[in-house]
Amino acid sequence: MTPPRKLHIKSYGCQMNVYDAQRMVDTLAPEGFVETASVDDADLVILNTCHIREKASEKVYSELGRLRVAKDVAAADGRKMNIVVAGCVAQAEGNEIIRRAPVVDVVVGPQSYHHLPQLLARAKAGGRALETEFPVADKFGFLPPPKPAAICARGISSFVTVQEGCDKFCTFCVVPYTRGSEVSRPVAKIVDDIKRLADNGVREITLIGQNVNAYHGDGPDGRPWPLGTLLRHLADIPGIERLRYSTSHPCDVEDTLIEAHRDLPQPMPFVHLPVQSGSDRILAAMNRKHTAEDYRRVIDRFRGARQDIAFTSDFIVGFPGESDEDFDATLALVTQIGYAGAYSFKYSSRPGTPAADMQETVPTAVMDERLVRLQELIDSQQSAFNTATIGATVDVLFERAARNPGQIVGRTAWLQPAHVMASDDIIGQVLPVRIESLERYSLLGSLVATPSPQPAQHAHSPTTGA
Ligand code: SAH
Ligand code: SF4
Ligand code: F3S
């Protein structure tokens, strides 16, 4: 028997890349590859890259510099190390990578991971390979069924891709170019994956897609199903206690989605709904296709369905032409909504996007100052949100033993880590916890009820003691 070959894979960027990394591991397992945590003993290194901001894509080249050294060391030991660049930088700058980085053997875009074995065979024969074919008709068709071993390793909570690509073309964003147009997986395939995950102990599923609420996969009735209908169907799968989805666009929030939050315990009351800016002028220049008022109305619809629902968002500061008044409108929107958290970024000009041609760039110092002010506001909202949980009894899905002996850690509906002293047989259960204190971002509490012997329980509504 030939010894297994070792694969080291490093992912940057969004959850889609994390998920794709696992797919690449699954695709290469039949070729005899097993994962290794270290670069040094790897026969194959895959960089799964992100192109969203300049900093993210520049990381690739510095990483490749380090890999050149590792490859030379391996060669001196008589081992051949192959280097693959995958992900969105591969898609966007494939030819440049081949030209700039001779250390790279294979460049493969996100639509072509099913060809990795053939591309590696070409590299083994001494060539270099580039595949960024686009678009591919059935980009989900190739996925091998997840193996139970791989699934177990993923624990209690797992991601499942339901949709990929984006047709929105926000003027700052590379995703429509790197991931292509929207494609949704059929309902039956998603159900199969999730049933298998549930059988292996997974209790929480996060459905992922670049524009997840534009989901319109074929349903068992032959019609396209919206995300809300999919959630309703998935809620019936035994063992699945919690459903989440990310990332949503404000323009695609259909009533079926709101109704799923209203009617079912499984869709968690925690929604990531990026808005990017609070200024209508900037939203228009970004081609977001909604106003700040439209966004507020979407938030109100969610809140009308479930009063404990909380939101997170993404913001860009310093988009070309953003004035002090525009930025003030963003601060005003954040103040009005009250977020549980948010990501904020300085605008980064991306080659090939319409915004890259916009002339009225905002000076870096202004962007820095705006970013600090926005982040201070968001941080204060986040800590107010977390502090409000103290004294409340909330459901926690327990995931694993914590670092401190005797402690088990899980997550609340709002993804806050929560620690209790308990035995590890509560792992995989949703149990009510009385929250007693907050340490940095972690909640500490104690179990309210004794754990039931059944592995799966139904979610309780949180009761606020405050
Ligand atoms: N599909 C999601 C997320 C896309 S990327 C959505 O529609 O919101 C994640 C975040 O990165 C975006 O929400 C945006 O805030 C940020 N981002 C994207 N392009 C950017 C750019 N050129 N400069 C700065 N931030 C950017
Ligand atoms: Fe990018 Fe906009 Fe699509 Fe989100 S909706 S992926 S920000 S183009
Ligand atoms: Fe980055 Fe591509 Fe995701 S650009 S954010 S890895 S879709």
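Cut-offs and rules
- All residue numbers refer to position in the chain's written sequence, counted from 1.
- Chains and ligands are labelled by the order in which they are written, letters from A for the one and numbers from 1 for the other.
- Residue-level local features of this predicted model are given only where pLDDT is at least 70; pairs of side-chain atoms are given and counted only at 80 or more, and the full residue set underlies all totals for whole chains, interfaces and linings.
- Calculation of side-chain values draws on the structure's entire complement of heavy atoms; hydrogens and water are dropped beforehand.
- Each salt bridge in this description consists of a side-chain nitrogen of Lys or Arg and a carboxyl oxygen of Asp or Glu lying within 4 Å of one another.
- In this text, helices come from DSSP runs of H or I with a minimum length of four residues, and strands from runs of E with a minimum of two, each type numbered from the N-terminal end.
- For every residue, the accessible area obtained with a 1.4 Å probe (protein chains only) is divided by the maximum for its type, and the residue is called buried under 20%, exposed over 50%, and partly exposed between those limits.
- Nearness is judged by heavy atoms alone; a residue qualifies as near a molecule or strand once a single heavy atom is within 4 Å of it.
- Counting of polar contacts relies on pairs of N or O atoms within 3.5 Å, with two restrictions inside protein: one atom must be capable of donating a hydrogen and the other of accepting it, and residues adjacent in sequence are counted only when both atoms are side-chain atoms.
- Exposure was quantified through the Shrake-Rupley algorithm and a 1.4 Å probe, taking into account, for residues, occlusion by the shown protein chains and nothing else.
- Three classes are used, and their members are as follows: Ala, Val, Leu, Ile, Met, Phe, Trp, Tyr, Cys and Pro are nonpolar, Asp, Glu, Lys and Arg are charged, and the others, Gly among them, are polar.
- One requirement defines pairing of two strands: DSSP has to find at least two bridges between them.
- Lines fitted to C-alpha atoms define the axes here, with helix axes fitted over just the stretch in contact, and angles between the N-to-C directions of these axes take values from 0 to 180 degrees.
- Note on contacts: a residue pair qualifies if any of its non-hydrogen atoms lie within 4.5 Å across the two residues.
- Here pLDDT means the predictor's own confidence in every residue, given as a number from 0 to 100.
- Buried Ala, Val, Leu, Ile, Met, Phe, Trp, Tyr and Cys residues form a nonpolar core when they are joined through side-chain atoms within 4.5 Å.
- Throughout the structure description, domain borders are defined by an automatic or database domain assignment.
- Angle categories are assigned with fixed cut-offs, so that under 35 degrees is roughly parallel, over 145 is roughly antiparallel, 65 to 115 is roughly perpendicular, and the rest are oblique.
- Helix crossings fall into two classes, left-handed where the near helix is turned counterclockwise from the far one by less than a right angle and right-handed where it is turned clockwise.
- Regarding the arc, it is the one traced by the directions from the helix axis to the C-beta atoms.
- Clockwise travel from the first strand over the helix to the second, with the strands pointing away from the viewer, marks a crossover as right-handed.

Q: For the pattern of salt bridges, give the residues involved together with the corresponding values.
A: Per the counting criterion, the structure on display carries 24 salt bridges. For aspartate 26, the salt bridge goes to arginine 23, with nearest N and O atoms at 3.0 Å. Taken together, the residues span about one helical turn, with aspartate 26 and arginine 23 both in helix α1 (residues 15-28) at a distance of 3 residues. As far as burial versus exposure is concerned, aspartate 26 and arginine 23 are alike and both buried. The closest approach of N and O atoms between aspartate 368 and lysine 346, which form a salt bridge, is 2.7 Å. You can see aspartate 368 sitting in helix α13 (residues 364-387) and its partner lysine 346 sitting in strand β14 (residues 341-346), a full 22 residues away along the chain. On the basis of relative accessible area, lysine 346 is assigned to the partly exposed category, the value being 33%. The network of salt bridges with common partners includes Glu293, Asp294, Arg296 and Arg297.

Q: I'd like to hear about the site of ligand 1, residue by residue, with values.
A: Taken together, 15 residues form the shell around ligand 1, and within it Phe172, Gln210, Gln276, Asp314 and Ser348 come nearest. One of the backbone nitrogen or oxygen atoms of phenylalanine 172 is found 3.0 Å away from a nitrogen atom of ligand 1. Contact with the protein chains covers 89% of the free accessible surface of ligand 1, which is 540 Å². Residue composition of the shell around ligand 1, grouped by class: 6 nonpolar, 4 polar and 5 charged.

Q: Lay out the sheet that holds strand β2 (residues 33-35) with the relevant residues and their values.
A: The sheet built from 6 strands is open, its strands ordered β2-β1-β3-β4-β5-β6 with parallel pairing. The open sheet terminates on both sides in strands that have one partner only, identified here as β2 and β6 (129-131). Averaged over all neighbouring strand pairs, the angle between strand axes comes to 20°, with direction disregarded. Where strand β3 (residues 44-49) meets strand β4 (residues 82-86), 5 bridges bridge the pair, whose relative direction is parallel. Considered in β4, the bridge of valine 45 is made with isoleucine 83. Of the strands in this sheet, β1 (5-11), β3 and β4 are in contact with helix α2 (residues 54-76), which crosses β3 at around 175°. This element, helix α3 (residues 87-100), spans β3, β4, β5 (106-108) and β6 of the sheet and lies at about 140° to β5.

Q: Describe the environment of arginine 244, with residues and values.
A: Mapped onto the secondary structure, arginine 244 falls in strand β11 (residues 242-246). Taking C-alpha positions, arginine 244 is 7.8 Å from glutamate 204, a pair spaced 40 residues apart along the chain. Excluding its chain neighbours within four sequence positions, the residues that come into contact with arginine 244 are Glu204, Ile205, Thr206, Leu207, Met268, Phe270, Thr412, Ala413 and Leu415. At a separation of 2.8 Å, a polar atom in the side chain of arginine 244 contacts the main-chain carbonyl oxygen of alanine 413.

Q: Quick one: what's the story with the side chain of glutamate 322, residue by residue and with numbers?
A: Locating glutamate 322 in the fold gives a position in the loop between β13 (310-317) and α12 (324-337). At a separation of 2.8 Å, a polar atom in the side chain of glutamate 322 contacts the main-chain amide nitrogen of glycine 318. A distance of 2.9 Å separates a polar atom in the side chain of glutamate 322 from a polar atom in the side chain of arginine 370. Non-local contacts of glutamate 322, meaning those with residues more than four positions away in its chain, are made with Ile282, Ile316, Val317, Phe327, Val362 and Arg370.

Q: Lay out the confidence of the model for the chain with the relevant residues and their values.
A: Detailed reading of predicted coordinates is not advised where the pLDDT is low. Per-residue confidence for the chain gives a mean pLDDT of 91; residues scoring 70 or more make up 92%. Here residues 137-153 is modelled with pLDDT under 50, and outside its nearest four sequence neighbours on either side it reaches 38 contacts, counting other chains as well. Confidence drops under a pLDDT of 50 for residues 456-466, and excluding neighbours within four residues, the segment shows 30 contacts in the predicted structure.

Q: Go over the nonpolar core with me, naming the residues and quoting the values.
A: Generally speaking, nonpolar side chains in soluble globular proteins are found buried as a group. One finds Leu207 and Phe302 to be the most contacted residues of the largest nonpolar core, which totals 51 residues. Two domains each provide a minimum of three residues to this core, namely domain 2 (138-268) and domain 3 (298-387). Within the second largest apolar cluster, 22 residues are counted, among which are Val45, Val60, Ile83 and Ile97.

Q: Which residues make up the site of ligand 3, and what values do they have?
A: Within the structure, ligand 3 sits among Cys14, Asn17, Thr49, Cys50, His51, Ile52, Cys88, Arg179 and Gln210. Grouping the constituent residues of the shell around ligand 3 by class yields 4 nonpolar, 4 polar and 1 charged.

Q: Tell me about the packing of helix α8 (residues 227-234) against helix α9 (residues 255-263), residues and numbers included.
A: Across the interface, α8 lies against α9 with an axial gap of 7 Å and an inter-helix angle of 30°. On the basis of the axis angle, α8 is roughly parallel to α9. As for the relative orientation of α8 and α9, their crossing is left-handed in sense. Contacts between α8 and α9 pair Leu227, Gly228, Thr229, Leu231 and Arg232 from the former with Thr256, Leu257, Glu259, Ala260 and Asp263 from the latter. The residue makeup of the contact of α8 with α9, split by class, is 4 nonpolar, 3 polar and 3 charged.

Q: Describe the pairing of β11, naming the residues involved and giving the relevant values.
A: Among the 5 residues in β11, 4 count as buried, and that is most of the element. Summarising the sheet, strand β10 (residues 204-208) and β11 pair through 5 bridges and their orientation is parallel. Pairing of isoleucine 208 across the sheet is with serine 246, part of β11.

Q: With reference to specific residues and values, describe the environment of leucine 371.
A: Relative to the assigned elements, leucine 371 resides in helix α13. For the pair leucine 371 and glutamine 429, spaced 58 residues apart in sequence, the C-alpha separation works out to 39 Å. When residues no more than four places from it in sequence are discounted, the contact partners of leucine 371 are Val317, Ser344, Phe345 and Lys346.

Q: Talk me through α8; I want residue IDs and the actual numbers.
A: Regarding α8, the residues found buried are Leu227, Gly228, Leu230, Leu231 and Leu234. Angular distribution of buried residues about the axis of α8 spans 160°; they occupy a single face of the element. On its buried face, α8 is in contact with α7 (187-199), β10, β11 and α9.

Q: Before we move on, can you summarise the pairing of β3 with the specific residues and values?
A: The element β3 is extensively covered by neighbouring structure, given that 6 of its 6 residues are classed as buried. The side-chain alternation of β3 yields two buried faces, one formed by Leu44, Ile46 and Asn48 and the other by Val45, Leu47 and Thr49. Across 5 bridges, β1 lies against β3 in parallel orientation. Paired with histidine 8 across the two strands is valine 45, which belongs to β3. With α2 bridging β3 and its parallel neighbour β4, the resulting β-α-β unit is right-handed.

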